[in-house]
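Report on the structure
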Amino acid sequence: MLDFFTIFSKGGIVLWCFQGAGVSESFTGPVNALIRSVILQERGGNSSFTHEALSLKYKLDNEFELIFVVGFQKILTLTYVDKFIDDVQLHFRDRYKNELEQKGALKLLNNTFDFEDRFKKLLREAEETSKARSPAPMRSFKESEKSQKTVKSMIETKGGDKAKEQGGKKNKNTKKEAPAVEPAKGDQGKTSPPGQKAVVNGNQGLTPEEIMQNKRDLFRKRMMGTAEKPSKSPKPQKPREKQNRVWDNAGSSTKNLDYSNKNGDASPGDGEKNLEAQFDPEMQVGSMKGDLLSVDYESSEEGEMEDEEEEVVVSEISKTSPKKSGGFGGMFGMLKGLVGSKSLSREDMEPVLEKMRDHLIAKNVAADISSQLCESVAKKLEGKVMGTFTTVASTVKQALQDSLVQILQPKRRVDILRDVMEAQSQRRPFVITFCGVNGVGKSTNLAKISYWLIENGFSVLIAACDTFRAGAVEQLRTHQRRLNSLHPPEKHGGRPVVQLYEKGYGKDAAGIAMEAIAYARNQAFDVVLVDTAGRMQDNAPLMTALAKLIAVNMPDLVLFVGEALVGNEAVDQLVKFNQALADHSMSDKPRLIDGIVLTKFDTIDDKVGAAISMTYITGQPIVFVGTGQTYNDLRSLNARAVVSALMKA
């Protein structure tokens, strides 16, 4: 039933392995895939992993730094695997405890672990237990509760109705005996006319006509009372004058903002010249040559959360310490929680992990991913011996920080400048496609990336493939005009460094992208940036069109543009975008999202959880980070700075 079972150390030394009868294929590939995709990427929230036709389950032994992995065909449903892998771990630890306590790889290599007989016995017992645990037989009709019901029991008897009536009367009597409701404050001091009956607690004892008449009189009296009171009209407030807003990069002159004369006197043909004249190239300050600067944070409150958690844990430990030990009991209890040589259990970590989970959700990490991260940390630390004078809170926090940094650091580094130079040597343009939902800033960040590429000496062709949104082509044309004014053609041999390829609205986006790439190849452009229409992840026709555009043109890089403001929605967007690209691809290995552009990063302060959610779901790096509205506001991700902001209280 099992294809293989292997036990190896975290250093990569295989201590013992088993291969099932009739299995000739090596299990090296699936185990390496498990190590690369799950263990090294800190994705241990789920203990199962699927690789091609195999399903793998694993268990970590943190005390002896061991990993137990079992593999079987994924079409099989083996209910005993979880208990079986726990039993193997316990027996292996108990049998070879002395050998495992010896430090050093050479000592592990010199030892022989003869575990096959014990393993087969445990496997046989597990299989027999699963067979003996047959499904419970269905109950007969006579054994069910429904068979006990009779027709007589379902008929309402006359006595039951009488009892209900009596109960109803009793309730009414109790209502009558209830104390009268106090009159409202507004009616205090008002005496009713002598001929009018007093209304007590719901008008009991009156006919419906009398109750209605009383309500009308009461309403008329209240209206008359409000009319008699002189209403004091509020004094008219002086309207506040509108304050002139001063933009950071708008300059000191207000003439640039006065469009009245230009709109009235200028001829229709001078529109583009006026637009170019209004734009001051000095508004864009600084150069962006070379690699981008990284996002940085100054976390002044870096240690507050750790101190707070340590206080909570220490106080809990001191509460649980026995009171009979006198005045030194609390101190010794606190020291017991601090001193090392104690293996961590899940019960010790549970309160700290619960607090960490809530903290991550408050910092905009998706709820499911927060739970998976904390579960991964728990598996990583369970059974591990703590260091001297360390608390549970500090140990868990350090492990979570290491996991977050590992997640944010990409498996592969996306170096666009190097890739563009390699494409230049092959005499072809480097193609980048931008996709995402509506309103996240695809066109704006495309212009920022264009400016960065121009600063590094590359020529750019922008393909306007958003043929749906009104004004999309005009927006790109404005960016093209401004970028060319920053880098005039005179400085580049009379050729514009940025050009726009557009065919208007309502056309097929995939066809426009194909024509733009062919045009860029003929005109020797270095980079083609393909702007696509924003679309919601649930819109099947538009997702099909995007998958067609990517499958037909095969860009070098597919970037998903997402804003840093989203929480749980980031998971849904990325999962469905990747699923749509996989479903509508025509090849066996479909092109999925290669990287992420995180926008509006300057609006979220320290709630940077969207970066964790997006990278955890896709496993792809965050290539660019948008931090403002000017062309200079483009950064690369600094994993440690983001994690420090995330862990800040």
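Nothing here was measured: the structure is a model prediction, and the numbers come from that model.

A word on the nonpolar core. Grouped together as the largest cluster of nonpolar side chains are 115 residues, with contacts concentrated most on Ile416, Trp452, Leu453 and Phe624. For this core, the element with the most residues is helix α15 (residues 392–408), which contributes nine residues. Here Ile416 is in contact with Phe430, Ile432, Trp452, Leu453, Leu557, Val623 and Phe624, once residues within four sequence places are set aside. With 28 residues, the next largest nonpolar core counts Phe72, Leu78, Tyr80 and Val88 among its residues.

Further remarks concern the pattern of salt bridges. Two side chains carrying opposite charge are able to pair once their charged atoms lie near each other. Evaluated as defined, the whole model comprises 20 salt bridges. Where Arg93 meets Glu63, a salt bridge forms, and the shortest distance between an N and an O atom there is 3.2 Å. Taken together, the residues Arg93 in helix α2 (residues 81–95) and Glu63 in the loop between β4 (54–61) and β5 (66–73) connect sequence positions 30 residues apart. Since its relative accessible area comes to 32%, Glu63 is described here as partly exposed. Across the pair Glu116 and Lys120 runs a salt bridge, and its minimum N-O distance is 3.2 Å. Placement of the pair is Glu116 and Lys120 together in helix α5 (residues 116–132), with a separation of four residues, close to one helical turn. A single network of salt bridges, built from pairs that share partners, joins Asp61, Glu63 and Arg93.

So, about the sheet that holds β4. Taken in spatial order, the five strands line up as β2-β1-β5-β4-β3 in an open sheet, and their pairing is antiparallel. Of all the strands in the sheet, the pair left with one neighbour each is β2 (14–19) and β3 (48–51). If you compare each strand with its neighbour and ignore which way they point, the axes differ by 20 degrees on average. Of the pairings in the sheet, the one linking β4 to β5 comprises eight bridges and is antiparallel in character. Its bridge partner being in β5, Tyr58 is matched across the sheet by Val69. Where α2 meets the sheet, its contacts fall on β1 (4–9), β2, β4 and β5, and the angle it forms with β4 comes to roughly 40 degrees.

On to the packing of helix α13 (residues 346–362) against helix α14 (residues 367–381), then. At a closest axis distance of 9 Å, the pairing of α13 and α14 adopts a crossing angle of 150 degrees. Viewed along their axes, α13 and α14 adopt a mutual orientation that is roughly antiparallel. The way α13 lies across α14 gives a crossing that is right-handed. Taking contact as the criterion, the partners of Arg346, Met349, Leu353, Met356, Arg357, Leu360 and Ile361 in α13 are, on α14, Ala367, Ser370, Ser371, Leu373, Cys374, Glu375, Val377, Ala378, Lys379 and Leu381. Considered class by class, the residues forming the contact of α13 with α14 number eleven nonpolar, two polar and four charged.

Between its first and last C-alpha, α13 extends 23 Å over 17 residues, near the 24 Å set by a 1.5 Å rise per residue. Of all the residues in α13, the buried ones are Met349, Val352, Leu353, Met356, Arg357, His359 and Leu360. Phi turns positive, to about 85 degrees, at Asn364, one or two residues after α13.

Turning our eyes to something else, we now look at the environment of Gly567. Position of Gly567 among the secondary structure elements: in the loop between β10 (557–563) and α21 (569–583). For Gly567, a relative accessible area of 16% puts it in the buried group. Sequence separation between Gly567 and Gly609 is 42 residues, and the spatial gap between their C-alpha atoms is 7.3 Å. The residues contacting Gly567, other than those within four sequence positions of it, are Asn364, Ala366 and Ser613.

In this section: helix α23 (residues 639–647). Among the nine residues that make up α23, eight are buried, leaving the element largely enclosed by the rest of the structure. Restricting attention to buried positions, one finds in α23 the residues Ala639, Ala641, Val642, Val643, Ser644, Ala645, Leu646 and Met647.

The pLDDT averaged across the chain works out to 77; a share of 73% of its residues lies at or above 70. Considering only residues more than four positions removed or in separate chains, one finds that residues 161–201, a stretch of pLDDT under 50, has 15 contacts. Residue range residues 281–285 is modelled with pLDDT below 50. Its contacts to residues more than four positions away, or to other chains, number nine contacts.

Another point: the pairing of β5. Side-chain direction in a regular strand flips from residue to residue, so the side chains alternate between the two faces of the sheet. Burial runs high along β5: seven of the eight residues are buried. Of the pairings in the sheet, the one linking β1 to β5 comprises six bridges and is antiparallel in character. If you follow Ser9 over to β5, its bridge partner there is Leu66.

Our focus in this paragraph is a nonpolar patch on the surface. A grouping of Met514, Val552 and Met586 is seen on the molecular surface, where their side chains present a nonpolar patch of about 320 Å² in accessible area. Relative to the helices and strands, Val552 is located in helix α20 (residues 540–553).

In this fold, Gly11 is placed in the loop between β1 and β2. Sequence separation between Gly11 and Leu66 is 55 residues; the distance between their C-alpha atoms is 8.8 Å.

What follows covers the sheet that holds strand β8 (residues 498–501). Read from one edge to the other, the open sheet built from eight strands follows the order β8-β7-β9-β6-β10-β11-β12-β13, with strand pairing classed as mixed. Strand pairing shows two members of the sheet lacking a second neighbour, β8 and β13 (634–635), which therefore form its edges. With respect to the sheet, helix α18 (residues 472–486) is in contact with β7 (460–465), β8 and β9 (527–532), its orientation differing from that of β8 by roughly 165 degrees. Most of the contacts of α20 go to β9, to which it runs at about 165 degrees, and overall it touches β6 (430–435), β7, β9 and β10.

A few words now on the packing of aromatic side chains. How two aromatic rings sit relative to each other is set out by the distance from centre to centre and by the angle between their planes. In the structure shown here, the tally under the stated rule is 19 aromatic pairs. With a centroid separation of 5.0 Å and an interplanar angle of 55 degrees, the aromatic rings of Trp16 and Phe119 are classed as tilted. Highlighted residues: Trp16 in strand β2 and Phe119 in helix α5, separated in sequence by 103 residues. Take Trp16 and Phe119: they sit in the same class, and that class is buried. An aromatic cluster of at least three residues, connected via ring pairs, comprises Phe5, Trp16, Phe18, Phe68, Tyr80, Phe84, Phe92, Tyr96, Phe113, Phe115 and Phe119. The residue whose ring lies beneath Arg495 is Phe525, and the NZ or CZ to ring-centre distance is 4.5 Å.

Here we take up the packing of α21 against helix α22 (residues 609–618). Between α21 and α22, the least distance of the axes is 9 Å, while the angle of their chain directions is 30 degrees. What the angle tells us is that α21 and α22 run roughly parallel. Considering the relative orientation of α21 and α22, their crossing is right-handed. Together, Ala570, Val571, Leu574, Val575 and Asn578 of α21 and Ser613, Met614, Ile617 and Thr618 of α22 make up the contact between the two elements. Among the residues making up the contact of α21 with α22, the classes are represented as six nonpolar, three polar and no charged.

Take the environment of Ile67 next. With respect to the element layout, Ile67 can be found in strand β5. The buried category is assigned to Ile67, whose relative accessible area is 3%. Residues Ile67 and Ile39 lie 28 residues apart in sequence; the distance between their C-alpha atoms is 9.9 Å. If sequence neighbours within four positions are ignored, Ile67 has contacts with Thr6, Ile7, Phe8, Lys10, Ile39, Lys59 and Leu60.

Calculation criteria
- Residues numbered from 1 in each chain as written.
- Predicted model: local features only at pLDDT ≥ 70, side-chain atom pairs only at ≥ 80, totals over all residues.
- Heavy atoms only, no water.
- Core = buried A, V, L, I, M, F, W, Y, C linked by side-chain atoms within 4.5 Å.
- Buried < 20%, exposed > 50% of the residue type's maximum accessible area, 1.4 Å probe, protein only.
- Helix = DSSP H or I, 4+ residues; strand = E, 2+ residues; numbered from the N terminus.
- Contact = heavy atoms within 4.5 Å.
- Salt bridge = Lys/Arg side-chain N within 4 Å of Asp/Glu carboxyl O.
- Pairing = 2+ DSSP bridges.
- Axes fitted to C-alpha atoms, helices over the stretch in contact; angles between N-to-C directions.
- Parallel < 35°, antiparallel > 145°, perpendicular 65-115°, else oblique.
- Left-handed = near helix turned anticlockwise from the far one by under 90°.
- Nonpolar A, V, L, I, M, F, W, Y, C, P; charged D, E, K, R; others polar.
- Expected span 1.5 Å × (residues − 1).
- pLDDT = per-residue confidence, 0-100.
- Patch = residues over 30% accessible without salt bridge, like charges linked within 9 Å, V, L, I, M, F, W, Y side chains within 5 Å.
- Areas by Shrake-Rupley, 256 points an atom, 1.4 Å probe, with all protein chains shown as cover.
- Phe/Tyr/Trp six-rings, centres within 6.5 Å; stacked < 30°, edge-to-face > 60°.
- Lys NZ or Arg CZ within 6 Å of the ring centre and 35° of its normal.

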